[in-house]
Amino acid sequence: MLQAESLACERGGRLLFKSLEFALAPGTLLRVAGPNGAGKTSLLRILCGLARPAAGRVLWSGENAHALGEEYTRRLLYLGHLSAIKEDLSPRENLRFALRLAGQAPQAAALDGALARLGLAGREDVPARYLSQGQKRRAALARLAAAQALPLWILDEPLAALDADAIATVTALVSGHLAGGGIAVLTTHQEIAFASAAASTVRLVLGS
Amino acid sequence: MFASIAGIIERDLRLAFRRKGDVAQVLVFFVIVASLFPLGTGAEPNQLRAMGPGVLWVAALLAALLSLGRLFAADYADGSLEQMLIGAHPLVATVAGKTIAHWLTTGLPLTLLAPLIGLQYGLPGPALGALVASLALGTPVLSLIGAVGSALTLGTRGAAVLLALLVLPLYVPVLVFGAGAVGAALAGLPHAAHLSLLGAFLAFSAVFAPWATCAALRIALD
């Protein structure tokens, strides 16, 4: 259960939003919408604890997420605008180190399975510098396939730079995650893609 | 905790191995600076021996400073640092791992290379021993303090100059006692006190610097 309690966010002296409230039960998708600069990314960064809200707090199972510290962040998968892909490492190494940071010790077969799911079979050992933008993005998204067990996914524009094929894979992964009782928070400009992803969807429009 | 530190060290060493040029750059800088002094001051053996400890330590210190820029900057730029901040392990473990990996790729090679350059200055055996011992104790302090400065200057314009201004004053005690230890050994005096003080600096900075680095990183990414 993820709750926001009268959240406010201020960037560069400007109030982006205030008194934001929501509660997400397991299996719920929160779609954050709004024009550029409305504070979508800022909200996601606050939710995952990278930024501090100007007011209010984030609650996980009724407890202050900030106070929980690693107890909260170990349940969390955050995918930001920056994909955290190291150009000098192969997709397999990138995925392995990313999962290890998230507290998981994946088997080689699980890594390759996750990469194959995102269409990177045969490219597992190519240094990421030789991959295209879309393929790098796929390598970052392979974390979704490998980290199904994490209950909270926070995804910032997960569909950016992806082709139709990968979009279908990502939406399927998100649906599977929600069907398994997970919570997902995401921003996207491709609303249709997630239209049927979840049984219960909350839509939050910022900047209105 | 130790597994997560080891994981970060493995990752950073692997990255360093893929970019051997970055590691070599620091060592080449050290060798070049230390080799330029005899060319500038003349090759009078007694004079070289007298200034050897200071020159070697200053060169090692500047080489370490040169490498600080890449300690967090690359991870900051590609988003890895965000992931480290919201990882499953305490941030201080990640910071400790990165600092250790930084020392393994800069301080340790400098320590191993220094006696060779010391020979160029005609330093006798005991002084070379003191040089290695003082660098072995002092260069980890350079990495630990450097990590704080590197985290504080993340994302700022002119980070390199700012970093030098922030960190060099804090390096002064290490330089004084590091070069002092070698100087004392050269003069045939006991230098255990110098090394003890360097050890104290190391213990102090090993306890406090990682926490300061964590705080600075959180501010940089807010």
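Along each chain, numbering runs from 1 in the same order as the chain's sequence is written. Each chain takes a letter, starting from A, and each ligand takes a number, starting from 1, following the order in which they are written. pLDDT decides what is reported in this predicted model: residues at 70 or higher carry local features, side-chain atom pairs at 80 or more are listed and counted, and totals for whole chains, interfaces and linings draw on all residues regardless.

### Digging into the overall build of chain A
- Each helix is a run of DSSP H or I of at least 4 residues and each strand a run of E of at least 2, with the numbering of both proceeding from the N terminus. Secondary structure summary: chain A contains seven helices and nine strands in total.
- The reference for a compact globule is 2.2 Å times residues^0.38; the radius of gyration itself is calculated from the C-alpha atoms. Computed over its C-alpha atoms, the radius of gyration of chain A comes to 17 Å, within 12% of the 17 Å expected for a compact globule of 208 residues.
- Judged by the C-alpha coordinates and their principal axes, chain A covers about 50 × 35 × 30 Å.
- Considering chain A as a whole, with its 208 residues, one finds that 46% of them fall into the buried category.
- For chain A, long-range pairs separated by at least 24 residues make up 70% of all intrachain contacts whose partners lie at least 6 apart in sequence. Residues with at least 20 other C-beta atoms within 10 Å of their own are called buried, those with 12 or fewer are called exposed, and the rest are partly exposed. The C-beta atoms themselves are positioned from the backbone. We call two residues in contact when the distance between their C-beta atoms, placed using the backbone, is within 7 Å.

### Quick notes on the pairing of strand E6 (residues 76-79) of chain A
Residue and element names in this part refer to chain A.
- Burial of the side chains of E6 extends over both faces: Leu-76 and Tyr-78 are buried on one face and Leu-77 and Leu-79 on the other.
- Strands were regarded as paired on the criterion that DSSP finds at least two bridges between them. Here four bridges tie E6 to strand E7 (residues 152-156), and the two strands are oriented parallel to one another. Across the sheet, Leu-77 pairs through a bridge with Trp-153, a residue of E7.

### Details of the interface of chain A and chain B
- Residue-level contacts link 23 residues of chain A with 19 residues of chain B.
- Listed by contribution, the elements that provide at least two residues to the side of chain A that touches chain B are helix H3 (70-73), E6 and helix H4 (91-101) of chain A.
- For the side of chain A that touches chain B, the per-class residue count stands at 12 nonpolar, five polar and six charged. For this classification, Asp, Glu, Lys and Arg are treated as charged, while Ala, Val, Leu, Ile, Met, Phe, Trp, Tyr, Cys and Pro are nonpolar and the rest, including Gly, are polar.

### Observations regarding helix H1 (residues 40-47) of chain A
Residues and elements named next belong to chain A.
- The buried fraction of H1 amounts to seven of the eight residues, a majority that puts the element mostly inside the structure.
- Turning to H1, the residues buried within the fold contact strand E1 (2-11), strand E2 (14-24), strand E3 (28-33), strand E4 (55-60), E7 and strand E8 (183-187).
- Phi turns positive, to about 90°, at Gly-49, one or two residues after H1.

### So, unusual backbone geometry
Residues and elements named next belong to chain A.
- Residues other than glycine seldom take positive phi values, yet Ser-6 does so here, at roughly 35°.
- Mapping Ser-6 onto the fold places it in strand E1.
- Given 12 C-beta atoms within 10 Å, Ser-6 falls into the exposed group.

### As for the domain arrangement of chain A
- Domain annotation of chain A identifies domain 1 (1-75 + 151-208) and domain 2 (85-149).
- For the side of domain 1 of chain A that touches domain 2 of chain A, the residue count by class is six nonpolar, three polar and three charged. What fixes the domain bounds is an automatic or database domain assignment.

### Side note on the packing of helix H5 (residues 91-105) of chain B against helix H7 (residues 125-152) of chain B
All names here are of chain B.
- All axes here are fitted lines through C-alpha atoms, helices being fitted over the stretch that makes contact, and every angle between N-to-C directions spans 0 to 180 degrees. In the contact formed by H5 and H7, the axes pass within 9 Å of each other and the chain directions differ by 135°. As far as their axial angle goes, H7 and H5 are oblique. The two elements H5 and H7 meet at a crossing, and its hand is right-handed. Counting all contacts with H5, which are made through Val-95, Thr-99, His-102 and Trp-103, the residues of H7 involved are Thr-139, Pro-140, Ser-143, Leu-144 and Ala-147.
- Looking at the contact of H5 with H7, its residues break down into five nonpolar, four polar and no charged. Geometric relationships in this document are graded by angle, where less than 35 degrees denotes roughly parallel, more than 145 denotes roughly antiparallel, 65 to 115 denotes roughly perpendicular, and other angles denote oblique. Crossing handedness: left-handed means the near helix sits turned counterclockwise from the far one by under a right angle, and right-handed means the same turn made clockwise.

### A closer look at helix H3 (residues 45-78) of chain B
- Expected span of a helix: the number of residues minus one, times 1.5 Å. Here H3 of chain B spans 50 Å end to end across 34 residues, near enough to the 50 Å set by a 1.5 Å rise per residue.
- Within two residues after H3 of chain B, Gly-79 of chain B carries a phi angle of roughly 95°, on the positive side.

### Quick notes on the pairing of E3 of chain A
- Examined bridge by bridge, E3 of chain A and strand E9 (residues 200-205) of chain A share six bridges and lie parallel to one another. Bridge pairing in E9 of chain A places Val-32 of chain A opposite Leu-204 of chain A.

### A closer look at the sheet that holds strand E5 (residues 63-64) of chain A
All names here are of chain A.
- Reading across from one edge, E2-E1-E4-E5 is the order of the four strands in this open sheet, with antiparallel pairing throughout. Both outer strands of the open sheet, E2 and E5, are each paired with one neighbouring strand and no more.
- Direction of pairing for E4 relative to E5: antiparallel, over a ladder of two bridges. Bridging from a neighbouring strand, Trp-60 pairs with Glu-63 of E5.
- Relative to E1, H1 is tilted by about 125°, and along the sheet it contacts E1, E2 and E4.

### Examining the sheet that holds E9 of chain A
All names here are of chain A.
- As summarised here, the arrangement of the five strands in space is E6-E7-E8-E3-E9, forming an open sheet in which the pairing is parallel. Edge positions in the sheet fall to E6 and E9, since each has one partner strand and no second. For this sheet, the mean inter-axis angle between neighbouring strands, taken without regard to orientation, is 10°.

### Considerations on the packing of helix H6 (residues 107-120) of chain B against H7 of chain B
All names here are of chain B.
- Running from amino to carboxyl end, H6 crosses H7 at an angle of 155°, the nearest separation of the two axes being 9 Å. The angle between H6 and H7 places the two elements in the roughly antiparallel class. Two packed elements cross with a definite hand, and for H6 against H7 that hand is right-handed. Residues Gly-107, Leu-110, Thr-111, Ala-114, Pro-115 and Gly-118 of H6 form the contact with H7, whose participating residues are Leu-128, Leu-131, Val-132, Leu-135, Ala-136, Thr-139, Pro-140, Leu-142 and Ser-143.
- Split into classes, the residues belonging to the contact of H6 with H7 amount to 10 nonpolar, five polar and no charged.

### Observations regarding the nonpolar core
- Ala-142 and Ile-154 of chain A together with Ala-60 of chain B are the most contacted members of the largest nonpolar core, which totals 131 residues.
- The residues that make up this core include at least three from each of domain 1 (1-75 + 151-208) and domain 2 (85-149) of chain A.
- Setting aside anything within four residues of it in sequence, one finds Ile-154 of chain A in contact with Leu-44, Leu-47, Cys-48, Leu-76, Tyr-78 and Val-185 of chain A. A set of buried residues qualifies as a nonpolar core if it consists of Ala, Val, Leu, Ile, Met, Phe, Trp, Tyr and Cys joined through C-beta atoms within 7 Å.

### A closer look at the environment of Ala-147 of chain A
Residue and element names in this part refer to chain A.
- Within the secondary structure, Ala-147 is located in the loop between helix H6 (133-146) and E7.
- With 20 C-beta atoms packed within 10 Å, Ala-147 lands in the buried category.
- In this structure the C-alpha to C-alpha distance between Ala-147 and Gln-104, which are 43 residues apart in sequence, comes to 8.4 Å.
- Setting aside anything within four residues of it in sequence, one finds Ala-147 in contact with Leu-77, Leu-99, Ala-102 and Gln-104.

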